[in-house]
Amino acid sequence: MAELELRAVSKSFREQNVLRDISLQVPNGSFTILLGPSGCGKSTLLRIIAGLDAQTSGQVLIDGKEVDHLPPAERDIAMVFQHYALYPHLSVRENLAFALKMRRVPRQVIDDRIAEAAQLLEIHPLLDRKPKDLSGGQRQRVAMGRAIVRKPKLFLFDEPLSNLDAQLRTSMRIELKKLQHRLQATMIYVTHDQVEAMTLGDRIVVIEGGRIRQADDPQQTYNAPADPFVASFIGTPPMNLWEGCLRTQGSEPTFQSGNMTFPLPAHFLPTLPPHPSTLTLGIRPEDISLQRTPHSLRVEASVDLIEDLGADLLIHCRLGNLKLVARAGRNHGITTDMATSLFFPVDKLHLFVDQRRVDSPIAPPA
Amino acid sequence: MTRRILLAGGILATVGLSLLPFLWFVLTSFKSQTEIEAAPPPWWPSGSLGFYRTALFDHHLFDYALNSVVVAGATTLLALLFAIPAAYALARLTIPGKQGILAVLLCVSMFPQMAIAGPIWRLLDSLGGLNHRWGVVLPYVALTLPLAIWILASFFKELPPELEDAARVDGCGTWGTLFRITLPLATPGIFTAAILILIYAWNEFFFALLILTQPEQQTLPVGIALFQGEFTMPWGELAAASVVATLPLIGVVLLCQRWIVSGLSAGAVKG
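Residues numbered from 1 in each chain as written. Chains lettered and ligands numbered in written order. Predicted model: local features only at pLDDT ≥ 70, side-chain atom pairs only at ≥ 80, totals over all residues.

A word on the overall build of chain B. Of the regular secondary structure elements, chain B holds 13 helices and zero strands. In sequence order, chain B lays out its α and β elements as α-α-α-α-α-α-α-α-α-α-α-α-α. Expressed along its principal axes, the backbone C-alpha trace of chain B runs to roughly 70 × 65 × 30 Å. Here chain B holds 271 residues, and the buried ones make up 34% of them. (Helix = DSSP H or I, 4+ residues; strand = E, 2+ residues; numbered from the N terminus. Buried ≥ 20, exposed ≤ 12 C-beta atoms within 10 Å, placed from the backbone.)

On to unusual backbone geometry. The peptide bond linking T236 of chain A to P237 of chain A adopts the cis configuration, its omega dihedral lying at -15°. Mapped onto the secondary structure, P237 of chain A falls in the loop between helix 8 (228-233) and strand 11 (240-249). Between A39 of chain B and the following residue, P40 of chain B, the backbone shows a cis peptide bond with an omega angle of -5°. In this structure, D337 of chain A is a non-glycine residue whose phi angle is positive, near 70°. Of note, D337 of chain A is situated in the loop between strand 17 (322-328) and strand 18 (339-345). Overall, the presence of 8 C-beta atoms within 10 Å leaves D337 of chain A in the exposed class.

Residues and elements named next belong to chain A. According to the domain assignment, chain A contains domain 1 (4-226) and domain 2 (233-357). Placing a centre on the C-alpha atoms of domain 1 and another on those of domain 2 gives a separation of 38 Å. Contacts between the two partners involve seven residues from domain 1 and, on the opposite side, six residues from domain 2. For the side of domain 1 that touches domain 2, a count of residues per class yields five nonpolar, two polar and no charged. (Domains from an automatic or database assignment. Contact = placed C-beta atoms within 7 Å. Nonpolar A, V, L, I, M, F, W, Y, C, P; charged D, E, K, R; others polar.)

This part is about the sheet that holds strand 3 (residues 31-35) of chain A. Residue and element names in this part refer to chain A. Spatially, six strands are ordered 6-7-8-3-9-10 in an open sheet, and the strand pairing comes out mixed. A single partner strand is all that each edge strand has here, and the edge strands are strand 6 (77-80) and strand 10 (211-216). Direction aside, the axes of adjacent strands within the sheet are offset by 15° on average. As paired strands, strand 9 (residues 203-208) and strand 10 are joined by five bridges and run antiparallel to one another. What sits directly across from V205, in strand 10, is A215. This element, helix 4 (residues 136-148), spans strand 6 and strand 7 (154-158) of the sheet and lies at about 175° to strand 6. (Pairing = 2+ DSSP bridges. Axes fitted to C-alpha atoms, helices over the stretch in contact; angles between N-to-C directions.)

A few words now on the sheet that holds strand 1 (residues 4-13) of chain A. Residues and elements named next belong to chain A. Strand order in the open sheet formed by four strands is 2-1-4-5, with antiparallel pairing between adjacent strands. Both edges of this open sheet fall to strand 2 (16-26) and strand 5 (65-66), since each of them pairs with a single strand only. Looking at chain direction, strand 1 and strand 2 are connected through seven bridges and run antiparallel. Of the residues in strand 2, the one forming a bridge with V9 is I22.

Moving on, we come to the nonpolar core. Core analysis: the largest hydrophobic core is formed by 141 residues, its most contacted members being L156 of chain A together with A83, A87, A148 and L152 of chain B. The dominant element in this core, judged by the number of residues it contributes, is helix 7 (residues 133-158) of chain B, at 14 residues. Non-local contacts of A83 of chain B, meaning those with residues more than four positions away in its chain, are made with L145, A148, I149, L152 and A193 of chain B. Residues F51, L61, L220 and A241 of chain B belong to the second largest nonpolar core, which totals 11 residues. (Core = buried A, V, L, I, M, F, W, Y, C linked by C-beta atoms within 7 Å.)

Another point: the pairing of strand 19 (residues 350-353) of chain A. A regular strand carries its side chains on alternate faces of the sheet. All names here are of chain A. By the bridge criterion, four bridges tie strand 14 (residues 279-283) to strand 19 in an arrangement that is antiparallel. Of the residues in strand 19, the one forming a bridge with L279 is V353. Sheet topology note: the strand 19/strand 20 (residues 356-357) ladder contains two bridges and is antiparallel. Bridge pairing links F352 to R357 in strand 20. The turn linking strand 19 back onto strand 20 is made up of two residues, and D354 within it adopts a positive phi angle of 50°.

Now for the confidence of the model for chain B. Residue and element names in this part refer to chain B. Mean pLDDT for chain B: 87, with 96% of residues reaching 70 or above. This model gives residues 263-271 a pLDDT under 50, and the stretch forms 28 contacts once residues within four places in sequence are excluded. As scored by the predictor, the complex reaches a pTM of 0.81 and an ipTM of 0.82. (pLDDT = per-residue confidence, 0-100.)

Written out as structure tokens, the structure reads:
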């Protein structure tokens, strides 16, 4: 167990900035998710923490000690790779023992640790098999076992579930969560899957374009996304976002996008800068209501398409020349091509000015 | 069906055509002098071992074979010793002009031997390597290195780099990773390269003839070629000696065949 700190870590490959000025505190025993689309630099960041790649500038500190000059082996970290990276010429037992043997841990201790990990992960019957004789899920368990036997300061996971089929992924996700509770270990987990991020992490660090967009707990990330990117990246289907500008009609400030105007709710007004350049208004599909609710904006929409998800419906609508998706229960009698009223609860609206959220304390620019 | 018959016939014809000269030599080696000189010679030999006796004992074939073993063995070991680190570096490290290096290697391996024979002879002369077995080992290593590096580099490239990352996290340095993870997984590549080097060094005639003029150091191809007398062409002994010289190679290839099985790295990563 340990805490990790990143101080202004940057990385560039041939003039191209992959990571810019990443600063992050990972507290002891936390499960931190590095979330972002592919190519955002999250895996590179993990490799820098591991010591597999060197950063261009900035520092990595584990337990307050700078580790930049240390090779991966001396950082006391364990890593679970996307493709498992089991040594194919070694049996499962030898795979588990490998790192301990390299550290000259006594035979007896190695055997005990392997027994312990095998019990925890239920891989006892597999110990004498070779990796090629294991299924994907079993390989995944062995890969985790190889990290667990080390009892490292930090666990690093590089998209470990992305090669499993959907069903197995869900069950491994639950097991991983339990495992983290059991081990009380500090884990850093890279993924592009926002469901994994929401369910596993106690903190989500959203990375895009080599910068940290937001670092918060999952609920906060969902409820108060720091910028339009985070807003659209977290949640399925993504938040409805419209870019527009500020207009004043009479004394009322309004938000105009395309040929639609909305009155801006009063609680946004004090936070607005005098001359904002770009405004983005957003609302999550699941927050849109088909029935009148107190303190809501009413809009008239025409239904384009309905997707039936079983439990509920995704209603694709048109508001003037804007598009919108609403999520609603099955019992509203909505059909394609009909006109309907939609209600936006004002406290569920998200407003972004110059790509930053305005109704919450503005996060320091990354 | 007709397609399959045609295909099978084609394969048989090709294999037969390439085996025929060798088969004729094997048959000839078991004939007697009268059978060889008969016109037309009989297809099937009487099973005489006379030529083997003369080739092995009168022509000192064992001494040549010993020289060949030493030369080919040393060449193979030395070439691998240099080729493995070179190929690993070319496969894994970011080296400026890497493609250029590989292209130059390929060009070097295509140099006509005639063109470099003179310089090599002079070089060995000044190094004192003429008429020493190491004198042929040196050019052999130089000439087989490009091919070995190419084969090994392509093998190393195919190994998942994630395995090496895992080894580094688990506590291996560069050499530890190479010896504990990369080399065991590249066994098929190493054996393939080793066998090709061995075959080259075992069969090489031109440089051996040029550099080794004393019978004590000569290798099998040179030794056998010099069976020929001023007025005689001992076909029988030549055939017997050629068979003896070929057998060890066939043995080594058969023995190593199980190591040249690819797909050893299956199961390392998904796939």
